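Okay, here's what each chain looks like letter by letter:
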Amino acid sequence: IDLLVWGDSHAMAAMPVLDILCKEHSIRGVAATHSSTVPLVGYESKRELSLKAESIPYNNAVVEFIRDKRVGDVVLVANWSGYITMDGEIARLRRGLLDTISALKDTGSRIWIMRPVPQQRWNVPNALAYAVWHGGDPEELGLPLAEQREASRLLDPIFEGLATKSPGVSLLDPVDLFASPKHLCRVAEGGKALYCDGNHLTVAGAMVLRPLFEPIFEGIGRSPALSGRVKGVTH
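Chains are numbered independently. Their residues run from 1 in the order of the written sequence. Given that this is a predicted model, residues contribute local features only at a pLDDT of at least 70 and side-chain atom pairs are listed and counted only at 80 or more, while totals for whole chains, interfaces and linings are drawn from all residues. Water and hydrogen atoms play no part in the side-chain values, which are based on all heavy atoms of the structure.

S.K.: Honestly, the packing of helix 2 (residues 55-69) against helix 3 (residues 89-107) in this entry has me stumped. Any pointers?
M.R.: To characterise two packed helices, one gives the angle between the axes of the helices and the distance between these axes. Between helix 2 and helix 3, whose axes approach to 9 Å, the crossing angle comes to 20°. Considering their axes alone, helix 2 and helix 3 lie roughly parallel with respect to each other. Crossing angle aside, the handedness with which helix 2 passes helix 3 is right-handed. Contact residues: helix 2 offers Val63, Ile66 and Arg67, while helix 3 offers Ala103, Leu104, Asp106 and Thr107. Grouping the amino acids of the contact of helix 2 with helix 3 by side-chain chemistry returns 4 nonpolar, 1 polar and 2 charged. In this analysis, axes come from line fits to C-alpha atoms, helices being fitted only over the stretch in contact, and the angle between any two N-to-C directions falls in the range 0 to 180 degrees. Starting at the N terminus, helices and strands are each numbered in turn, a helix being any DSSP run of H or I of at least four residues and a strand any DSSP run of E of at least two. What sets the label is the angle itself: under 35 degrees gives roughly parallel, over 145 gives roughly antiparallel, 65 to 115 gives roughly perpendicular, and the rest give oblique. Two helices crossing with the near one rotated counterclockwise from the far one by less than a right angle form a left-handed crossing, whereas a clockwise rotation gives a right-handed crossing. Contacts are residue-level and defined by heavy atoms, with any inter-residue pair within 4.5 Å sufficient. Side-chain classes follow a simple rule in which Ala, Val, Leu, Ile, Met, Phe, Trp, Tyr, Cys and Pro form the nonpolar group, Asp, Glu, Lys and Arg form the charged group, and the remainder, Gly included, forms the polar group.

Here you go:
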């Protein structure tokens, strides 16, 4: 198996574009996803709809699958900010991510970690319908980019230094792909909603991520020491 996507419902939402890329590159890919269950070893996800007490053995089983199948590339996708529900949670997520990276490095896999897509304040399809019905401009909708960048900084302690200090680990930041000329995080393209609620992408929204994921497929089969920079990707 060349590629495994591991994550929560945000990973599920990204699957349409990853499926297309797998087919285009003749890559065999699989997914290990469960709602509200962060892809971290040793971390018990306690949110509603999560696996709760089963999340630790589940994630351990994913790592063993990766090891057994010699998966070349692993992509972690999650709504990381959604797990910060109490004091100390950022530190727990950081430790979990470091432990997960260590476990995956032992399998020989390259590791790709995607930061969250912009989080909108409201249900996007409803807001778009309201705007169109009342003669508004869908292009005027969307979280201000500056506000999104401020929110993103809150997650920096989780991801800081992972790519620069860990060969074979790359961070993927999707925010710039959603930036509009009006300095908003756009919520529609070509008359189609990019979100099905306030933070989960539609199929059209998943397609926006294509430039972010393409470097994974261009590099499959290469050495974990692959280096260089691609827009939105930090090695």
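From this point, things continue past the structure.
S.K.: Please explain the packing of aromatic side chains as it appears in this structure.
M.R.: Each aromatic ring pair is described using two quantities: the centre-to-centre distance and the angle formed by the ring planes. The aromatic pairing rule takes the rings of Phe, Tyr and Trp, using the six-membered ring of Trp, and pairs them if the centres are within 6.5 Å, calling planes under 30 degrees apart stacked, those over 60 edge-to-face and the rest tilted. Scanning the entire structure with this criterion turns up 2 aromatic pairs. Aromatic pair tryptophan 80 and phenylalanine 159: ring centres 5.8 Å apart, planes at 85°, arrangement edge-to-face. Here the residue tryptophan 80 occupies a position in the loop between strand 3 (73-77) and helix 3, and phenylalanine 159 occupies one in helix 6 (residues 156-159), the gap between them amounting to 79 residues. Three labels apply to residues, based on accessible area from a 1.4 Å probe with only protein chains included: buried if under 20% of the type maximum, exposed if over 50%, partly exposed otherwise in between. Residue tryptophan 80 is classed as buried on the basis of its relative accessible area of 0%. With relative accessibility at 2%, the residue phenylalanine 159 sits in the buried group. Ring geometry for phenylalanine 178 versus tyrosine 195: centroids 6.1 Å apart, planes at 45°, classification tilted. Within this pair, whereas phenylalanine 178 is found in the loop between strand 6 (169-172) and strand 7 (184-185), its partner tyrosine 195 is found in the loop between strand 9 (192-193) and helix 8 (203-208), the two being separated by 17 residues in sequence. You'll find phenylalanine 178 and tyrosine 195 in the same group, each marked buried. The ring of tyrosine 83 carries the charged tip of arginine 47 above its face, separated from the ring centre by 5.0 Å. When the NZ atom of lysine or the CZ atom of arginine is within 6 Å of a ring's centre and also within 35 degrees of its normal, the charge is said to sit over that ring.

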